[in-house]
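So you can see what is in the structure, the chains are spelled out below.
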Amino acid sequence: MSAAIVTGGAAGIGLAVVQKLLQSGSEVISLDRKPSPETHAKLRHVSVDLTDSEATRQAAEEIARAHAVTTLVHNAGTIRPALLTDVKLEDLDALVSLHLSAALILLQAALPAMKAAGFGRVVLVSSRAVLGLPTRTAYAATKAGMLGMARTWALELAPQGITVNVVAPGPIETDNFYSVVPRGSPQVERVAQSIPVKRLGQASDVARAV
């Protein structure tokens with residue numbers, strides 16, 4: 001049976017995506033450092049730190065041996081905000097590993113099954129921050145990198161029935177958002193009022209797009 005991988009599937013947008021996939025009858029493998037609060041006969045959790053490329057590779061190879069993965073949703077992400085003068089190279093390196101290298105490693109492992117099936121669905125979750133946002137040097141750069149990867153992969157893989165897309169959310173009510181905009185602060189309402197629908201997005205909104 002074919003399966004779907006969702007990174008960062010234990011909370012926020014990733015958890016909402018996991019739930020949508022389970023509702024559709026998919027077998028789902030959630031990759032996250034934390035265990036998923038969701039329990040389901042078709043859900044498997046794999047604990048892995050996706051900033052560790054070797055650990056990610058080992059997990060990807062193990063999953064590919066046990067499952068025919070035809071869907072990959074790379075949602076896991078973190079912000080590590082800092083003004084330009086305070087950006088640390090180790091933070092940039094960590095986000096390159098998390099946002100870019102992990103996607104590459106996981107898709108390379110899943111490709112044989114996708115090609116054999118003549119079908120694959122790849123979705124990378126980027127961010128509106130690719131347009132620029134103060135304190136987001138490392139985050140915006142690596143989330144923007146997803147766009148270039150996805151366009152390249154889409155061109156290479158379309159002949160084999162594999163589509164590659166990017167969903168780039170704006171402000172969504174997640175722990176990531178509240179890690180930089182404190183809950184209950186006036187800034188939350190200012191952000192909401194800057195959005196045409198006058199509210200923050202919900203994880204379920206993004207899951208439907210995915």
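Here, the structure is the one placed above.
Residues numbered from 1 in each chain as written. Predicted model: local features only at pLDDT ≥ 70, side-chain atom pairs only at ≥ 80, totals over all residues. Heavy atoms only, no water.

Caption draft 1: The sheet that holds strand β6 (residues 162-167), seen in detail. An order of β3-β2-β1-β4-β5-β6 is seen for the six strands of this open sheet, with the pairing classed as parallel. Edge positions in the sheet fall to β3 (43-47) and β6, since each of these pairs with one other strand and no more. Adjacent strand axes in the sheet meet at a mean angle of 20 degrees, parallel and antiparallel pairs treated alike. Summarising the sheet, strand β1 (residues 2-7) and strand β4 (residues 68-74) pair through six bridges and their orientation is parallel. Across the sheet, residue Val6 finds its bridge partner in β4, namely Val73. Across the sheet, helix α3 (residues 89-117) lies against β1, β2 (27-32), β4, β5 (120-125) and β6, angled at about 155 degrees from β4, the strand it touches most. Relative to β6, helix α4 (residues 137-157) is tilted by about 160 degrees, and along the sheet it contacts β4, β5 and β6. (Pairing = 2+ DSSP bridges. Helix = DSSP H or I, 4+ residues; strand = E, 2+ residues; numbered from the N terminus. Axes fitted to C-alpha atoms, helices over the stretch in contact; angles between N-to-C directions. Contact = heavy atoms within 4.5 Å.)

Caption draft 2: A look at the side chain of Arg136. Mapping Arg136 onto the fold places it in the loop between β5 and α4. A polar contact of 2.6 Å, which involves the side chain of Arg136, links it to the side chain of Thr135. Setting aside chain neighbours within four positions, we find Arg136 in contact with Ile79, Pro81, Ala82, Ala141 and Val180. (Polar contact = N/O pair within 3.5 Å; in protein donor to acceptor, adjacent residues only side chain to side chain.)

Caption draft 3: A look at the pairing of β5. For β5, the buried fraction is high: five of the six residues fall into the buried class. Pairing between β4 and β5: four bridges, direction parallel. Bridge pairing in β5 links Thr71 to Arg121. As a crossover connection, the stretch from β4 through α3 into β5 is right-handed. Looking at chain direction, β5 and β6 are connected through six bridges and run parallel. By the bridge assignment for β6, Leu124 is matched with Val166. For the handedness criterion, the β-α-β arrangement of β5, α4 and β6 is classed as right-handed. (Buried < 20%, exposed > 50% of the residue type's maximum accessible area, 1.4 Å probe, protein only. Right-handed = clockwise from strand over helix to strand, strands pointing away.)

Caption draft 4: Looking closely at the nonpolar core. Residues Ile5, Leu31, Leu107, Val122, Leu124 and Trp153 are the most contacted members of the largest nonpolar core, which totals 37 residues. Broken down by secondary-structure element, the contributors of at least two residues to this core are β1, β2, α2 (53-66), β4, α3, β5, α4 and β6. Top element by residues in this core is α3. It accounts for 11 residues. If we ignore the near neighbours within four places in the chain, the residues touching Leu31 are Ile5, Val6, Thr7, Gly8, Gly9, Val46, Val48, Leu50, Ile63 and Leu106. (Core = buried A, V, L, I, M, F, W, Y, C linked by side-chain atoms within 4.5 Å.)

Caption draft 5: Here's a closer look at a negative patch on the surface. Together, Asp49, Asp52, Glu54 and Glu61 line one region of the surface with negative charge. Position of Asp52 among the secondary structure elements: in the loop between β3 and α2. (Patch = residues over 30% accessible without salt bridge, like charges linked within 9 Å, V, L, I, M, F, W, Y side chains within 5 Å. Areas by Shrake-Rupley, 256 points an atom, 1.4 Å probe, with all protein chains shown as cover. Salt bridge = Lys/Arg side-chain N within 4 Å of Asp/Glu carboxyl O. Lys, Arg positive; Asp, Glu negative; His and termini not counted. Charge placed at Lys NZ, Arg CZ, Asp CG, Glu CD.)

Caption draft 6: Highlighting unusual backbone geometry. The phi torsion at Arg80 lies on the positive side, around 50 degrees, for a residue other than glycine. Its place among the elements puts Arg80 in the loop between β4 and α3. Arg80 sits in the partly exposed class, given a relative accessible area of 36%. For Thr135, which is not glycine, the phi torsion reads 75 degrees and is therefore positive. One can find Thr135 in the loop between β5 and α4. Residue classification places Thr135 among the partly exposed positions, given a relative accessible area of 25%.

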